[in-house]
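What the coordinates show
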Amino acid sequence: MEHISWYNLKPEKTLNEKEIDNIFTKLSEYQKLEKTYYVDSYQENIVPVYKAEKIILTDRNLEEDVYQRFFNDVGACIIRGAFTEDIMEEYNTWSTKMLTESKKDKNSRHPKQQGKFLINDVIGRMSENNPNLLVKILNNPGLTKVMDILLGFSKIGSCTGHWIEPGGDRQLSHVDYPVHIGSAPFWENSTYKFKKLTTRYQLNKMMPYFSVQALIATDAMDISNGSTEIVPCSHKIENLDLLIHNPKVYQKFEDKFMNVSLEKGDILFFNRGLCHRGGKNLSDNRRNSLIMQCVWLWGIGQEIIDYQNVIERLEKSEYFKSLTTHKKEQLKLRLKHPYPIDVKNST
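Residues numbered from 1 in each chain as written. Predicted model: local features only at pLDDT ≥ 70, side-chain atom pairs only at ≥ 80, totals over all residues. Heavy atoms only, no water.

1. Notes on the sheet that holds strand β5 (residues 154–164)
- Across the sheet, 8 strands lie side by side as β1-β2-β3-β9-β6-β11-β5-β4; this open sheet has mixed pairing. What marks the edges here is a single partner per strand, and that holds for β1 (41–43) and β4 (116–119). Averaged over all neighbouring strand pairs, the angle between strand axes comes to 25°, with direction disregarded.
- Summarising the sheet, β1 and strand β2 (residues 47–51) pair through 3 bridges and their orientation is antiparallel. Across the sheet, residue Y42 finds its bridge partner in β2, namely P48.
- With respect to the sheet, helix α3 (residues 60–74) is in contact with β2, β3 (76–80), β6 (211–216) and β9 (267–271), its orientation differing from that of β2 by roughly 160°. (Pairing = 2+ DSSP bridges. Helix = DSSP H or I, 4+ residues; strand = E, 2+ residues; numbered from the N terminus. Axes fitted to C-alpha atoms, helices over the stretch in contact; angles between N-to-C directions. Contact = heavy atoms within 4.5 Å.)

Put into structure tokens, the structure is as follows:
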């Protein structure tokens with residue numbers, strides 16, 4: 001039986017044409033946004049772009065602008081020049097070597113995108129063979145600053161490499177963890193199961209603030225090599241996790257997507273509830289990126305991270321040793337979370 005909070009809601013697959021049109025009329029209204037002083041530029045006249053050298057400074061007005069644009073307006077933002085090209089090339093070299101090993105994983109092929117390889121367990125694997133690089137990535141000031149603006153103190157819920165082959169197909173449209181009904185085995189592709197186990201309040205008032213996706217462009221990307229496609233402001237559509245499973249709603253989104261354009265070292269942050277997909281790689285080259293899921297300190301991440309061994313390896317890294325005590329503790333807290341604990345010993 002569905003939770004009582006869903007009782008008075010018309011089933012998503014029974015909406016008529018007028019009701020569906022109303023959803024997209026609201027989306028068009030959401031997308032009529034005023035420009036703000038703190039944004040350095042806009043993509044497609046809507047997605048805010050902030051320069052990394054500004055974002056890392058202490059500016060409460062700028063931080064407020066990032067927070068408001070992200071949650072109340074667009075659902076996405078770009079941080080320009082967060083990583084150096086040298087670090088991105090070092091990651092690309094590492095991932096090229098890791099691709100053969102990662103192909104042995106049961107989950108090495110993406111279930112919703114032909115031509116995409118997943119390099120899983122990036123944190124565990126990189127901590128073994130290149131801990132200095134891992135520290136440089138996880139401790140990047142542009143990355144951590146925006147993570148914490150959006151989520152308080154943010155922990156790392158998962159970290160996966162996405163390698164799109166030349167000609168790799170477009171991904172199916174979707175939203176992300178923790179719901180992603182169409183791809184996670186737990187949900188059995190069942191909106192009914194979702195409504196049995198959750199409330200409308202959780203979906204629409206809590207989950208938009210629970211986790212954030214960070215796509216690090218280790219290769220430059222745009223429409224030509226299948227950059228991520230997003231529908232700005234779509235995270236504001238109530239019950240989108242369910243509506244996206246209505247074929248008519250799904251189809252109606254088709255002309256609403258925009259391809260983001262990222263330079264090597266840029267970061268695209270987007271809301272877990274934003275309708276998005278990987279684009280089709282029309283080029284003759286691979287497109288590489290690193291996807292990080294950030295969650296509340298008190299939230300549950302998607303990936304099991306062997307934090308004890310990871311931290312032990314990082315502590316032996318020369319780059320980790322060069323950090324201040326505060327930075328070391330922060331980085332460890334992003335990996336090793338304060339709860340759950342053995343309550344026989346403490347509370």
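Structure's up, so let's keep going.
2. A short note on the nonpolar core
- In this structure, I79, I137, L150, I267, F269 and M292 are the most contacted members of the largest nonpolar core, which totals 53 residues.
- Dropping the residues within four chain positions of it, L150 is found in contact with V66, Y67, F70, F71 and V212.
- Judged by nonpolar contacts, the second largest core, of 33 residues, contains I46, I230, V231 and C233. (Core = buried A, V, L, I, M, F, W, Y, C linked by side-chain atoms within 4.5 Å. Buried < 20%, exposed > 50% of the residue type's maximum accessible area, 1.4 Å probe, protein only.)

3. Considerations on the packing of helix α5 (residues 122–129) against helix α6 (residues 131–138)
- At a minimum axis distance of 6 Å, the contact between α5 and α6 shows a crossing angle of 135°. Taken together, the axis directions place α5 and α6 in an arrangement best described as oblique. Across the interface between the two elements, I123, M126, S127 and N129 of α5 pack against P131, L133, L134 and I137 of α6.
- Partitioned by chemical class, the residues of the contact of α5 with α6 number 6 nonpolar, 2 polar and no charged. (Parallel < 35°, antiparallel > 145°, perpendicular 65-115°, else oblique. Nonpolar A, V, L, I, M, F, W, Y, C, P; charged D, E, K, R; others polar.)

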